[in-house]
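Close look at the chain arrangement
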Amino acid sequence: MKPPAHTPHPSRSAAHLLPQGQKGTPRRAVLLSGLALAACGRASVQAAPAAAPLKALVPAPVGVAVMRGQLEDTAWTTLARREISQLTPEWEMKMEYILAQDGGWRFDAPDRIATFARASGMRLHGHALIWYSQGQDWFEAIKPARRAAAFDDYIAVVAGRYRGQLAGWDVVNEAVAEDGDGLRSCHWSAQFGQDGYIARAFAQTRAADPDAVLFLNDYNLENLPRKGATFLRLVERLLAAGAPITGIGTQGHLDIDIPAGQITAFMRDAAAFGLPIHVSELDAPMGAGLLDRARRDARRALQTARVMEYAEAFAALPERQRYAFTLWGLRDGDSFVNRQGGGDSPLAFDDAGRPTALHQALVQGFSAPATVRKERG
Ligand code: XIL
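In this report, the structure presented in the accompanying data block is examined. (Residues numbered from 1 in each chain as written. Predicted model: local features only at pLDDT ≥ 70, side-chain atom pairs only at ≥ 80, totals over all residues. Heavy atoms only, no water.)

1. A short note on empty space enclosed by the protein
The final tally for this structure, using the stated rule, is one cavity of 30 Å³ or more. The calculated volume of the largest cavity comes to roughly 30 Å³. In terms of lining, the largest cavity is formed by Lys94, Met95, Ala128, Leu129, Ile130, Trp131 and Gln134. (1 Å grid on protein atoms, 1.4 Å probe; cavity = no way out; pocket = protein on both sides within 12 Å on 5 of 7 lines; lining within 4 Å. Points joined across faces, edges and corners; volume = space filled by probe spheres on them.)

This is how it looks when you write it as structure tokens:
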């Protein structure tokens, strides 16, 4: 199945991708405004639409997941342009979109997102080239003797198309077993072996894009310390084997019931590799029963504590290791958590674009005095 011809983008360093807004606002002034807002407590944050933009508050690009349809929603684009400095396509840069049912290749939606990011001065993060949960029918319909070439060709075409347009790729997503006991078995590992498909994907992506930061991305790394440990052992093993992994992605779909300290411990262990770290898909669902005020307040308190911990742990990283801090959606209603029945508040803005309690937790976490989160060199 031949993809459409595409003109590879001239290879440029990723430096030109840094968002403009990142450099403008003096952080101390913004932090003080953040502190003032946080000190005023919830009501004033809700009532103060002029809170400092997240992209000025967070000491790294602030990302959100985006779907093409949201680019036609001026409420979404206005809020995103004010607050955000990086975009991750939520699903339209994945195999399930690009490999159309009719055997063709679809790039209209990811191209639209890439164009919007560039026009808005935002960085683009690619998600996700190889994922255990997609591509099985396509791959297994290919004659076994052609599968290696098809795997390599997919990566070459997709990563080649966005070369020079994005800062980094989630090259392999969710390779570790659900319970952290080893790696997942999937159609990719059946063909190339468990470490084999991951190493191959990274090598092929590096060949297609010499500049992008290449991430191994996974979830529950802080929620389940065993899974986080397995993930980091995998990174260590692949690096030792020469795989060009140049970034670590921790999705951050938070379980707010985890003990204090697990987030900090994982981020400390991940930081030891010296690689850029992407908090790549943060959300913090509070669960059911939120109509009960006492329960809602109790869940909010746990959410605030864990989100503050993530913000402080990320801010404590050396600047060269703070790749980006990405939320898996802009407004609560955009969250995939709310797609099977809404009512949760797992993100930083409500459906009217007002800061939520999670936003306040980010303000407090990223405004913690420097002495609290002294950079580790
Ligand atoms: C989810 C998207 O939010 C949904 O819109 C899509 O239908 C399925 O994928 N970890 C990931 C993301 O890496 O790609 C997933 O996103 C959420 C879990």
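There's plenty left to go through after this.
2. Considering the pattern of salt bridges
Taken as a whole, this structure holds 17 salt bridges when the rule is applied. With its nearest N and O atoms 3.5 Å apart, the salt bridge here joins Asp218 to Lys227. With a relative accessible area of 0%, Lys227 lands in the buried category. When salt bridges that share partners are traced, they join Asp73, Arg331 and Asp334 into one network. (Salt bridge = Lys/Arg side-chain N within 4 Å of Asp/Glu carboxyl O. Buried < 20%, exposed > 50% of the residue type's maximum accessible area, 1.4 Å probe, protein only.)

3. Some details on the pairing of strand 7 (residues 277–282)
Most of strand 7 is tucked away, with six of its six residues classed as buried. Taken together, the three bridges between strand 6 (residues 247–250) and strand 7 define a ladder with parallel strand orientation. In the strand pairing of strand 7, Thr250 is matched with Val279. For the segment spanning strand 6, helix 13 (residues 262–271) and strand 7, crossover handedness is right-handed. Pairing of strand 7 with strand 8 (residues 322–327), which is carried by four bridges, proceeds in the parallel orientation. Each residue of the ladder has a partner; that of Leu282, found in strand 8, is Leu327. (Helix = DSSP H or I, 4+ residues; strand = E, 2+ residues; numbered from the N terminus. Pairing = 2+ DSSP bridges. Right-handed = clockwise from strand over helix to strand, strands pointing away.)

4. Topic: the site of the ligand
Taken together, Glu90, Lys94, His127, Trp131, Asn173, Glu174, Gln251, His253, Glu281, Trp328, Phe336 and Arg339 form the complete shell of residues around the ligand. Here a nitrogen atom of the ligand and a side-chain polar atom of Gln251 are 3.1 Å apart. With the chains in place, 79% of the 410 Å² that the ligand exposes on its own is no longer accessible. Placement of the ligand is best described as lying within the second largest pocket. Of the residues that constitute the shell around the ligand, the class distribution is three nonpolar, four polar and five charged. (Near = heavy atom within 4 Å. Polar contact = N/O pair within 3.5 Å; in protein donor to acceptor, adjacent residues only side chain to side chain. Areas by Shrake-Rupley, 256 points an atom, 1.4 Å probe, with all protein chains shown as cover. Sits in = over half its atoms within 2 Å of the grid points. Nonpolar A, V, L, I, M, F, W, Y, C, P; charged D, E, K, R; others polar.)

Nothing here speaks to function; it is all geometry.
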